[in-house]
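# Reading the structure
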Amino acid sequence: MNLPNKLTMFRVLLIPFFVFFLLAPYFPQNGKYIAAVIFVAASLTDFLDGKIARKYNLVTNFGKFMDPLADKLLVCSALVCLVSTGQLAAWIVLIIIAREFIISGFRLIAAEQQIVIAASYWGKFKTTFQMIMIIILILDLDNQIVQMLGTIFTYLALALTVISLLDYLYKNWAVLKDHQEA
């Protein structure tokens, strides 16, 4: 297993620790800070694994499959936890998770047709804004400016989620067409 794939697997292994420190009642004062550090570390592995894989030509089928799955697991775990703590509305999380299911379905259909659908810039912006939003909400600082930033990033992440979905559907709609001859 190459380094980018190890980083991807490390990100997946960090998720239960992240959830534990964010939700466990054993660390009432410091749990959210430990969870934030874990989330940031996991998010950085997302940046590093792709950069290393492309730079050193270490792109693998395992990485193509596992990297986006690890991202979805990390972000969705955080979002569900933030609903549980009352910091994020469930309807926002449902829209974000629905987008991920729709995109995953498209990718499965495309893969059956030997079509590789690359991530778009909208999708990368969406992921970046979601991760920033999650970090701000996890820290839950008692500061009006930070709380306002949390709200702004929440709605920006939501808007980018919808925009990236529409962009993805528009650019890849042909994947759904039946290519069999009659």
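This write-up is about the structure you can find in this document. (Residues numbered from 1 in each chain as written. Predicted model: local features only at pLDDT ≥ 70, side-chain atom pairs only at ≥ 80, totals over all residues. Heavy atoms only, no water.)

### Observations regarding the overall build of the chain
Rules: The helix count covers DSSP runs of H or I at least four residues long, the strand count covers runs of E at least two residues long, and both are numbered beginning at the N terminus. Throughout, radius of gyration means the C-alpha value; the globule benchmark is 2.2 Å times the number of residues raised to the power 0.38. Three exposure classes are used, based on accessible area relative to the maximum for each residue type with a 1.4 Å probe and protein chains only: buried under 20%, partly exposed in between, and exposed over 50%.
Helix and strand counts for the chain stand at 6 helices and 0 strands. The secondary structure elements of the chain, listed N-terminal to C-terminal, are α-α-α-α-α-α. The C-alpha atoms of the chain give a radius of gyration of 18 Å, which matches the 16 Å a tight globule of 182 residues would have. The dimensions of the chain, computed from C-alpha atoms along their principal axes, are 65 × 35 × 25 Å. For the chain, with 182 residues in total, the buried portion stands at 42%.

### Considering a positive patch on the surface
Rule in force here: Candidate patch residues must exceed 30% relative accessible area and have no salt bridge, after which like charges are joined if within 9 Å and Val, Leu, Ile, Met, Phe, Trp or Tyr side chains if within 5 Å. All accessibility values rest on the Shrake-Rupley procedure with a 1.4 Å probe; residue burial counts only the protein chains present in the view. Should a side-chain nitrogen of Lys or Arg be within 4 Å of a carboxyl oxygen of Asp or Glu, the pair is scored as a salt bridge. Only four residue types enter the charge count, namely Lys and Arg as positive and Asp and Glu as negative; His and the chain termini do not. Charge positions are represented by NZ for Lys, CZ for Arg, CG for Asp and CD for Glu.
A cluster of like positive charges, contributed by Lys51, Arg54, Lys55 and Lys124, occupies part of the molecular surface. If one sorts the elements of the positive patch by residue count, helix 2 (residues 31-55) sits on top with 3 residues. By the secondary structure assignment, Lys124 is in helix 5 (residues 121-139).

### Some thoughts on a nonpolar patch on the surface
A cluster of nonpolar side chains, Trp91, Ile95, Tyr155, Val162 and Leu166, forms an exposed patch at the surface whose accessible area comes to about 480 Å². Sorting elements by how many residues they give to the nonpolar patch places helix 6 (residues 144-172) first, with 3 residues.

### Examining the packing of aromatic side chains
Put simply, the rule is: Each pair of aromatic rings taken from Phe, Tyr and Trp, with Trp reduced to its six-membered ring, is defined by centres within 6.5 Å and is described as stacked if the planes are under 30 degrees apart, edge-to-face if over 60, and tilted in the remaining cases.
One pass over the structure, following the stated rule, counts 10 aromatic pairs. Taking 6.4 Å as the distance between ring centres and 80 degrees as the angle between the ring planes, the aromatic pair formed by Trp122 and Phe125 counts as edge-to-face. Here Phe125 and Trp122 lie together in helix 5, a separation of 3 residues that amounts to about one turn. The exposure class of Trp122 is partly exposed, given its relative accessible area of 37%. Judged by its relative accessible area of 43%, Phe125 falls in the partly exposed class. Clustering of aromatic rings is evident, with ring pairs tying together Phe20, Phe21, Tyr26 and Phe27.

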